[in-house]
Amino acid sequence: LSAMAGKAAYTALGSNGSQSTPSWLSGEECTKEWSDYLHGYKAQWFWLVVLYCTPPGLIFCYSLVRSVIYGSWWNTSMNEPYEPVPSEIGTKYNPAINSLPAILKTHMTFAVPMLGGIVLQLIFAYLMVMKGNSAATTLHKRFGVVLLVIILSCVSLGTLSL
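These notes cover the structure that comes with them.

### A word on the overall build of the protein chain
So, point 1. Helix and strand content of the protein chain: five helices and four strands.
So, point 2. For the protein chain, the N- to C-terminal ordering of α and β elements is α-β-β-α-α-β-β-α-α.
So, point 3. Counting over 162 residues, the protein chain shows a buried share of 20%.
So, point 4. Of the contacts formed within the protein chain by residues at least 6 apart in sequence, a portion of 27% connects residues at least 24 apart.

### Focus: a nonpolar patch on the surface
So, point 1. Taken together, the side chains of Y41, W45, L48 and L51 define a hydrophobic patch exposed on the protein surface, amounting to about 460 Å² of accessible area.
So, point 2. Along the chain, L51 falls in helix α3 (residues 42-70).

### Focus on helix α5 (residues 134-161)
So, point 1. Taking 1.5 Å per residue, 28 residues should reach 40 Å; α5 reaches 40 Å between its end C-alpha atoms and fits that length.
So, point 2. Regarding α5, the residues found buried are A136, L147, I150, C154, L157, G158 and S161.
So, point 3. The inward-facing, buried residues of α5 contact α4 (102-130).
So, point 4. The N-cap of α5, judged by a side-chain oxygen 2.9 Å from the amide nitrogen of A135 a few residues on, is N133.

### Let's talk about the side chain of H107
So, point 1. Looking at the secondary structure, you find H107 in helix α4.
So, point 2. Among the polar contacts made by the side chain of H107, one reaches the main-chain carbonyl oxygen of C154 at a distance of 2.8 Å.

### Remarks on the packing of aromatic side chains
So, point 1. Evaluation of the coordinates by the stated rule reveals one aromatic pair.
So, point 2. One Lys or Arg, R66, reaches over the ring of W74 and ends 4.1 Å from the middle of that ring.

### Some thoughts on the environment of K141
So, point 1. As for its position among the elements, K141 is in helix α5.
So, point 2. On the basis of relative accessible area, K141 is assigned to the exposed category, the value being 65%.
So, point 3. Spatially, the C-alpha atoms of K141 and Q121 are 9.1 Å apart, while their sequence positions differ by 20 residues.

The rules we used
- Per chain, residues are indexed from 1 in the order of the written sequence.
- Owing to the predicted nature of the model, reporting of local features is limited to residues with pLDDT of at least 70; listing and counting of side-chain atom pairs is limited to 80 or more, with chain, interface and lining totals taken over all residues.
- To obtain the side-chain values, all non-hydrogen atoms of the structure were included, while hydrogens and water were left out.
- Helix and strand definitions follow DSSP, with helices as H or I runs of at least four residues and strands as E runs of at least two, each counted in order from the N terminus.
- Burial here depends on accessible area, computed with a 1.4 Å probe over protein chains only, as a share of the maximum for the residue type. Under 20% is buried, over 50% is exposed, and the range in between is partly exposed.
- Here a residue-residue contact requires only that any non-hydrogen atoms of the pair lie within 4.5 Å.
- Excluding any residue in a salt bridge, patches collect residues exceeding 30% relative accessible area, merging like charges within 9 Å and nonpolar Val, Leu, Ile, Met, Phe, Trp and Tyr side chains within 5 Å.
- All accessible-area figures derive from a Shrake-Rupley calculation using a 1.4 Å probe, and residue coverage is judged against the displayed protein chains alone.
- Counted as salt bridges are all cases of a side-chain nitrogen of Lys or Arg within 4 Å of a carboxyl oxygen of Asp or Glu.
- Here the expected span of a helix is defined as 1.5 Å times the quantity of residues minus one.
- The term polar contact refers here to a pair of N or O atoms within 3.5 Å; inside protein, the definition further demands a hydrogen-donor-capable atom paired with an acceptor-capable atom, and it admits residues adjacent in sequence only when both atoms are side-chain atoms.
- Planes of paired rings set the category: under 30 degrees apart is stacked, over 60 is edge-to-face and the rest tilted, where pairs are Phe, Tyr or Trp rings (Trp by its six-membered ring) whose centres lie within 6.5 Å.
- Here, over-ring charges are defined by two tests on the NZ atom of lysine or the CZ atom of arginine: distance to the ring centre within 6 Å, and angle to the ring normal within 35 degrees.

Have a look at this one:
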């Protein structure tokens, strides 16, 4: 019933005055009509992504800035370095963790292929859009799912380690 209501809501007048259902409502998302429809929402998607990425981005930036200032990776949750200078142990810092935790090392293991995969996806997108390469379209589509799993693993582990 809801699918029928959705189709009725998006019924449009055709060029000859008759009513027609947009092609993208029947599962044809590769049409120009679908692209034009989504294009109308690009500002909302952009701000949604910014809103979603701001809190973890700020946490990461704090950790990154403190790491650069101190000279060792900074543990944001305990507000101390993971590996303090030996002369500061017991005086300035009493670290509960004396080295990088395994979860952070695993995060770094996923981060390297993630960054490489993102660059590869950008290359595929360039070849697809600018050069019209159909093989790049297929690779971009299939590898995107694999990259999504890598990104979610990396982000989850990184968030937990902070």
